[in-house]
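Residue-level structural notes
The chain contents come next:
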Amino acid sequence: MASIKRVVSVFCFLSCFSFREMDGSVVLKDLQNDKLRLWIEEVQELCEPDQIHICDGTEEENALLLKEMVETKSLIPLHGKFRPNSFLARSSFEDVARVEDRTFICSSSIDDAGPTNNWKDPNEMKSLLKSLFKGCMRGRTMYVIPFSMGPIGSSIAQIGVEITDSPYVVCNMRIMTRMGREALNALKDQDFVPCLHSVGVPLEAGKMDNGWPCNPQNKYIVHFPQTKEIWSYGSGYGGNALLAKKCFALRIASQMGKEEGWLAEHMLILGIENPDGKKKYFAAAFPSACGKTNLAMLQSSLPGWKITLVGDDIAWMKLGEDGKLYAINPEAGMFGVAPGTSFQTNPNAMETIKSDTIFTNVGLTQDGDVWWEGMDKDPPKNCTNWLGDMGEAALDQKIAHPNARYTTPIKGCPTVDPAFDDPKGVPISAILFGGRRASVVPLVFESKNWRHGTFLGTIVSSEGTAAANGPIGKLRHDPFAMLPFCGYHMGDYFSHWLSFEKRGDPSLLPTVYYVNWFLKDGSGSFLWPGFRENGRVLKWIFERLDGTASAESTPIGNMPTPTSLDLNDLNLSIETVGKLLTVDVGAWLNEVEELKNYYKIFGEKFPSEIVEELHLLEAALVDKNPKPTESF
Ligand code: GTP
Ligand code: SPV
Ligand code: MN
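Keep in mind it's a predicted model, so treat the numbers as computed, not measured. (Residues numbered from 1 in each chain as written. Chains lettered and ligands numbered in written order. Predicted model: local features only at pLDDT ≥ 70, side-chain atom pairs only at ≥ 80, totals over all residues. Heavy atoms only, no water.)

Considerations on the overall build of the chain
A count of helical and extended segments in the chain gives 16 helices and 30 strands. Against the compact-globule benchmark of 26 Å for 632 residues, the chain has a radius of gyration of 25 Å, which places it among compact chains. Considered along the principal axes of its C-alpha atoms, the chain spans approximately 85 × 55 × 45 Å. Here the chain holds 632 residues, and the buried ones make up 60% of them. Taken as two groups, the 63 positive and 79 negative side-chain charges of the chain have centres that lie 1 Å from each other. (Helix = DSSP H or I, 4+ residues; strand = E, 2+ residues; numbered from the N terminus. Rg over C-alpha atoms; globule rule 2.2 N^0.38 Å. Buried < 20%, exposed > 50% of the residue type's maximum accessible area, 1.4 Å probe, protein only. Lys, Arg positive; Asp, Glu negative; His and termini not counted. Charge placed at Lys NZ, Arg CZ, Asp CG, Glu CD.)

Structure follows, in structure tokens:
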């Protein structure tokens, strides 16, 4: 490799190891941080890599890694005419999504992890992991990736360092975070979150990978919330391997937020401007593959309304000195669902991924471009599927895996918000919860106050998607869209949310809304057109906050009056609008029973305020319920 000037052995503490250094790259003497140096030494001793590469985040370094991956066939370069500087990666059948049953929260006590997390004793887990990691990087390069979650220098931001043996992870982390020398400089002698990752496939001398390396029999995605450490073994895919994302920015950060009085949430952040140029910011929590990326990049069909993108997956929110809740997006990129993305459903995503994007598990067309279900009508002739098969060999497979994704820089999005890099964050006026519900939950309703809003977070449930291993379409509770991501006892998490009411002036907190784009009619078709038309619901929320849109009180919350929701030019029948904006009292009473049952799992840590809210809802529904005799 021409650009690697030398392989050197430096520093007494790692004297027997070789370091890859390039012109201007980070060298060991740059590592002023004692904890970092000691940790690198420990990991190198444990994992026994052939060499160590400290990432500086430069273009040159990235180009070198991409070139090496193309040479070893772990990346396919796409045709520069269609997608400049873009690549396709194909994983394996056994490594396509998050693995929730292999994800562990190893708090000091099982009670701290709570009923929604897999718990193992931290000491036992550490010794098991140490045996797995022993020698696991033999034959490979160990990459050290310093990164900042959030704008460097923001008081809400945090520094992490991921060590990985996957160059695919390095290039994805470079898109997803602010990675390299700048993050290292910001670290100085402060603390950081160590994130250790291995694909779990040591290589014999002189051997190369045959396909996507992973260790399906031994996947462990492990978090130590007390010591703020992450260890991940056996998977190279998405949230299992890009440890800054779900592992750090949600599971570990949620624990930090509990300790320090802030919120780490599975939420998009968007800016919304009305035709008069008045602007607000909203955050929204929907479970995985339920429409955050789409909403965050929305191009409204309503004249004069403009939506801008701050984040599509994660929000860190802190109370500002003015009492408002400020949010930053800790990420710098998007790891978005590809299937279903088209110029009709998400034109801004299609623009963003025109270049500088890594696609994983999508189809490859004969002329070197990508394709997936829902991009346009039919797959082009002779398109290979996500496994690289074509024709008969590919018959039982979709072209793209349902959880195929693109990794792309947020700054490449034509609608990126001007405050994307603002260290202060953006003030949040509304928080939306939602999920995939074919029935029961209407298009939109508004909470009455913060406590009721928190209750609405606890009742989120959604039909399963391909984002995680597990049944697709089956309804499951997913409070705050955080079920797989809360790093501590969810009962304590509900109390933490409630506590914001007392931290300052509750009237300055965002108003909570509940939305559902996914109602279906009897034949299984969506009742609501969704996608860009969701801007109409955003408009109603905006105008509610301004006091210019009307609503009527219902047992579940405030709902749009027939004329306050802008449905112009939608051609929806009165019957459809009725279905979208109806509270089905009987179905909601069943929902209440289901919630009573569900809440039991949280035991003594379940806050009494939420029980009270459930009782209030039940009482309001019973009040509206026509007595059985009346229906005769
Ligand atoms: P994660 O990245 O997994 O956290 O998911 P996400 O919430 O960002 O999901 P995303 O926006 O990528 O949406 C996933 C799927 O939902 C895609 O297949 C979309 O086509 C579909 N989707 C998004 N918005 C809508 C909508 O308004 N209506 C309908 N019917 N489908 C939608
Ligand atoms: C999700 O599953 O919610 C994602 C994708 O955003 S992953 O990063 O793999 O968790
Ligand atoms: Mn997500």
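After that view of the structure, there is still more to cover.
Overview of the site of ligand 1
Around ligand 1, the structure places 21 residues, and the nearest of them are Ala 289, Lys 292, Thr 293, Arg 405 and Phe 531. In the environment of ligand 1, an oxygen atom lies 3.0 Å from a nitrogen or oxygen atom belonging to the side chain of Arg 436. In this structure, an oxygen atom belonging to ligand 1 sits 2.9 Å away from a side-chain N or O atom of Asn 534. Compared with its free state, where it exposes 670 Å², ligand 1 has 92% of that area covered by protein. In a pocket analysis with a 2 Å cut-off to the grid points, ligand 1 is assigned to the largest pocket. Examining the composition of the shell around ligand 1, we find that 3 residues originate from one element, helix 9 (residues 292-296), more than from any other. (Near = heavy atom within 4 Å. Polar contact = N/O pair within 3.5 Å; in protein donor to acceptor, adjacent residues only side chain to side chain. Areas by Shrake-Rupley, 256 points an atom, 1.4 Å probe, with all protein chains shown as cover. 1 Å grid on protein atoms, 1.4 Å probe; cavity = no way out; pocket = protein on both sides within 12 Å on 5 of 7 lines; lining within 4 Å. Sits in = over half its atoms within 2 Å of the grid points.)

With respect to the layout of surface pockets
Taken as a whole, the largest pocket holds about 1,200 Å³ of empty space. Elements with a minimum of two residues in the lining of the largest pocket: helix 7 (238-241), helix 8 (244-260), helix 9, strand 19 (333-337) and strand 23 (405-409). At 4 residues, strand 19 tops the list of elements feeding residues into the lining of the largest pocket. Class assignment for the residues of the lining of the largest pocket results in 20 nonpolar, 17 polar and 12 charged. As a volume, the second largest pocket reaches approximately 960 Å³. Around the second largest pocket, the lining is made up of 39 residues, and of these Thr 72, Ser 74, Arg 140, Pro 167 and Asp 209 lie nearest the centre. Only strand 1 (4-8), helix 2 (59-71), strand 5 (87-89), strand 7 (141-149) and helix 5 (167-176) provide two or more residues apiece to the lining of the second largest pocket. Residue contributions to the lining of the second largest pocket peak at 3 residues, all from helix 2. (Points joined across faces, edges and corners; volume = space filled by probe spheres on them. Nonpolar A, V, L, I, M, F, W, Y, C, P; charged D, E, K, R; others polar.)

Some details on the site of ligand 2
Surrounding ligand 2, one finds Arg 98, Gly 238, Gly 239, Lys 245, Lys 246, His 266, Ser 288, Asp 313, Phe 335, Arg 405, Ala 467 and Phe 485. Within the side chain of Lys 246, a nitrogen or oxygen atom sits 2.5 Å from an oxygen atom of ligand 2. Here ligand 2, which alone exposes 290 Å², has 98% of that area covered by the protein. Comparing atom positions with the cavity grids shows ligand 2 to sit within the largest pocket. Looking at which domains feed residues into the shell around ligand 2, each of domain 1 (7-73 + 98-261) and domain 2 (264-333 + 418-623) gives three or more. (Domains from an automatic or database assignment.)

So, the domain arrangement of the chain
Considered domain by domain, the chain is made up of domain 1 (7-73 + 98-261), domain 2 (264-333 + 418-623) and domain 3 (335-412). One C-alpha centre belongs to domain 2, the other to domain 3; they are set 29 Å apart. Opposite the 17 residues of domain 2 that make contact, domain 3 presents 16 residues. Both sides of the domain 2 and domain 3 interface together cover about 1,300 Å² of buried area, and 57% of this is carbon and sulfur. Seen at the junction of domain 2 and domain 3, the total is 1 salt bridge. Note that Asp 421 and Lys 411 form a salt bridge whose closest N and O atoms lie 2.6 Å from each other. Inspection of the domain 2/domain 3 interface yields 4 residue pairs in polar contact (both at pLDDT 80 or more). Sorting the residues of the side of domain 2 that touches domain 3 by element identifies helix 9 and strand 16 (306-311) as the ones contributing at least two each. Looking at the side of domain 2 that touches domain 3 element by element, the count peaks at 3 residues for strand 16. (Contact = heavy atoms within 4.5 Å. Buried area = accessible area lost by both parts, 1.4 Å probe. Salt bridge = Lys/Arg side-chain N within 4 Å of Asp/Glu carboxyl O.)

Quick notes on helix 8
If you check helix 8, its first and last C-alpha atoms are just 19 Å apart, much less than what 17 residues at 1.5 Å a residue would give, namely 24 Å. If you look at helix 8, its biggest bend is around 40°, right at Ala 253. Of all the 17 residues making up helix 8, 14 are buried; the element is thus mostly covered by neighbouring parts of the structure. Directly after helix 8, the chain includes Gly 261, whose backbone phi takes a positive value near 85°. (Expected span 1.5 Å × (residues − 1). Bend = angle between axes of the 7 residues up to and from the residue.)

Considering the coordination of the manganese ion (ligand 3)
Distances from the manganese ion (ligand 3) to its protein donors, Lys 246 (NZ), His 266 (NE2) and Asp 313 (OD), fall within 2.1 to 2.2 Å. The site at the manganese ion (ligand 3) holds 6 donor atoms, and with the angles between them running 71 to 173°, its shape is octahedral. Written as a sequence motif, the donor residues of the manganese ion (ligand 3) are K-x19-H-x46-D. Taken together, the residues Lys 246 in helix 8 and Asp 313 in the loop between strand 16 and strand 17 (315-319) connect sequence positions 67 residues apart. What makes Asp 313 buried here is its relative accessible area of 9%. (Donors = N, O, S within 2.8 Å, 3.2 Å for Na, K, Ca; no water. Tetrahedral: all angles 85-135°; square planar, octahedral: opposite > 155°, others 65-115°.)

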